[in-house]
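Structure assessment
Spelled out, the chains give:
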2 protein chains.
Amino acid sequence: MAQGSAAHNIFDWTDRIPEGPLDPVLQALVRDIIGKVADKWTMLILEALEEHGTLRFTDVGRKVGDISQKMLTKTLRQMEADGLVERTVHPVIPPHVDYQLTEMGRSLGGAFCGVWLWAEAHHDQIEASRKAFAARQAEG
Amino acid sequence: MAQGSAAHNIFDWTDRIPEGPLDPVLQALVRDIIGKVADKWTMLILEALEEHGTLRFTDVGRKVGDISQKMLTKTLRQMEADGLVERTVHPVIPPHVDYQLTEMGRSLGGAFCGVWLWAEAHHDQIEASRKAFAARQAEG
DNA sequence: TTCGATACATACCCAAAGGAGAGTGAAGGT
DNA sequence: ACCTTCACTCTCCTTTGGGTATGTATCGAA
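Thresholds, definitions, all that
- Residues numbered from 1 in each chain as written.
- Chains lettered and ligands numbered in written order.
- Predicted model: local features only at pLDDT ≥ 70, side-chain atom pairs only at ≥ 80, totals over all residues.
- Heavy atoms only, no water.
- Helix = DSSP H or I, 4+ residues; strand = E, 2+ residues; numbered from the N terminus.
- Buried < 20%, exposed > 50% of the residue type's maximum accessible area, 1.4 Å probe, protein only.
- Contact = heavy atoms within 4.5 Å.
- Pairing = 2+ DSSP bridges.
- Axes fitted to C-alpha atoms, helices over the stretch in contact; angles between N-to-C directions.
- Least-squares fit on C-alpha atoms with pLDDT ≥ 70 in both.
- Buried area = accessible area lost by both parts, 1.4 Å probe.
- Salt bridge = Lys/Arg side-chain N within 4 Å of Asp/Glu carboxyl O.
- Parallel < 35°, antiparallel > 145°, perpendicular 65-115°, else oblique.
- Nonpolar A, V, L, I, M, F, W, Y, C, P; charged D, E, K, R; others polar.

A few words on the environment of A48(A). All names here are of chain A. Inspection of the secondary structure assignment puts A48 in helix α2 (residues 40-52). Owing to a relative accessible area of 4%, A48 belongs among the buried residues under this scheme. In the structure, A48 is positioned 16 residues away from V64 in sequence and 6.2 Å away in space, judged by C-alpha atoms. In this view, A48 contacts L55, K63 and V64; residues no more than four positions away in its chain are not counted.

Now the structure itself:
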């Protein structure tokens, strides 16, 4: 059975009406945003800036912890492009660059807050589930 | 300058007190959960199951949209291990497998709800920011 | 005169993510 | 005797993520 007969999706649903009043363009846009914004480093940097206010480059790295310089630069640039952070360059030597959340960045931080709290509240339950699942796999 | 002189992190902060009363173990645990749970496919599947209740394998794929069978299987398995979804196998032929959210899965869905709303509310603003950023880069 | 500080850019490399397509197995329809 | 269905699994293969190392500019201090 040739599954990928259509375009690129395995499930050929072209003969069905997907939903109804859902705008596929908006759907795609939101999905794209979710994909970029629900990134590990984005979340971590967001939290660091939310907690400490304005930080300069190396300080962001220190607050986040185990992040390489490359990913720090890359993620900060992406966040700047998306309008989540504001980058302020002071033309001095040695260079001094400040990063702070924009209004939109702060609002995203608030939206993520629920996920953080959820993770803190359920991490032991997740551990338990994983162990139970592993045990099930080992037996059956 | 050899940046990676310490372990694996570029920023050598071993001579500083990191924060204070923050438990590094819990910090790591939560970070791990965030990394796995704040995954694009996890979020998408979670939303599909939240919206439609119980779905079988191919239906989850259809609701999510552009997901390959491989990632669907993988993500569903991970979610099952984490205790977010319950997998029910009906031993019939052809096979019939149902997926539904657990209580914990539903609570995570609630936590993510804020992010979805945020994405829907700010996608146009993000687009504008990206265009402005690109224009700034183009000029110099 | 060389060093160190700061905020990167660039290049090289490896590992993981993820897509495409084929295969599987057993029952029921034609 | 064949085809179809469903929920996968398995094997390639390409793309992306991400770490490491090094370079750069400039100024003041040692």
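More follows now that the structure is in view.
Here we come to the sheet that holds strand β1 (residues 55-56) of chain A. Residues and elements named next belong to chain A. Pairing in this open sheet of three strands is antiparallel, and the strands run β1-β3-β2 from one edge to the other. If you trace the sheet from one side to the other, it starts and ends with β1 and β2 (85-90), each paired once. Two strands pair when backbone bridges link them, and β1 and strand β3 (residues 96-101) are joined in this way by two bridges, in the antiparallel orientation. Its bridge partner lying in β3, L55 is registered against Y99. Across the sheet, α2 is in contact with β1, β2 and β3; its angle to β3 comes to roughly 95°.

Mapping chain A onto chain B is achieved by rotating through 180° and translating by 0.0 Å along the same axis, at an RMSD of 0.2 Å. Here the two chains are linked by the operation of a two-fold rotation axis. Taking C-alpha positions as the reference, the residue of chain A nearest the rotation axis is A38(A), at 2.7 Å. Residue by residue, 97% of the interface of chain A is reproduced at the interface of chain B, so both copies engage with the same surface.

Two pairing modes exist for strands in a sheet, parallel and antiparallel, and in both the strands are linked by backbone hydrogen bonds. Residue and element names in this part refer to chain B. The strand order across the open sheet formed by three strands is β1-β3-β2, and the pairing between neighbours is antiparallel. Two strands close off the open sheet at either side, each with one partner strand: β1 (55-56) and β2 (85-90). Examined bridge by bridge, β2 and strand β3 (residues 96-101) share six bridges and lie antiparallel to one another. Bridge pairing in β3 places T88 opposite D98. In the packing of helix α4 (residues 69-81) onto the sheet, contacts are made with β2 and β3, and the angle to β2 comes to roughly 110°.

Facing the 60 residues of chain A at the interface are 61 residues of chain B. For the pair chain A and chain B, the two sides together bury roughly 5600 Å², of which 65% comes from carbon and sulfur. For the pair chain A and chain B, the number of links is five salt bridges. When the shortest N-O distance is used, the salt bridge between D82(B) and R130(A) registers 2.6 Å.

Attention now moves to the packing of helix α5 (residues 103-139) of chain A against α4(B). Following both chains from N to C, one finds α5(A) and α4(B) inclined at 115°, their axes separated by 8 Å at the closest point. For the element pair α5(A) / α4(B), the angle class is roughly perpendicular. Between α5(A) and α4(B), the contacting residues are S129(A), R130(A), F133(A) and R136(A) on the first element and R77(B), Q78(B), E80(B) and A81(B) on the second. Looking at the contact of α5(A) with α4(B), its residues break down into two nonpolar, two polar and four charged.

So, about the pattern of salt bridges. Throughout the structure, instances matching the rule amount to twelve salt bridges over all chains. A salt bridge links E80(A) to R136(B); its shortest N-O distance comes to 3.9 Å. Taken together, the residues span two chains, with E80(A) in helix α4 (residues 69-81) and R136(B) in helix α5 (residues 103-139). On the basis of relative accessibility, which here comes to 44%, the residue R136(B) falls in the partly exposed class. A salt bridge links R106(B) to E103(B); the shortest N-O distance between them is 3.3 Å. Within this pair, R106(B) and its partner E103(B) are both found in helix α5, separated by three residues, close to a single helical turn. Owing to a relative accessible area of 43%, R106(B) belongs among the partly exposed residues under this scheme. What makes E103(B) exposed here is its relative accessible area of 58%. Put simply, D32(A), K36(A), D82(A) and R130(B) are held in one network by salt bridges that share partners.

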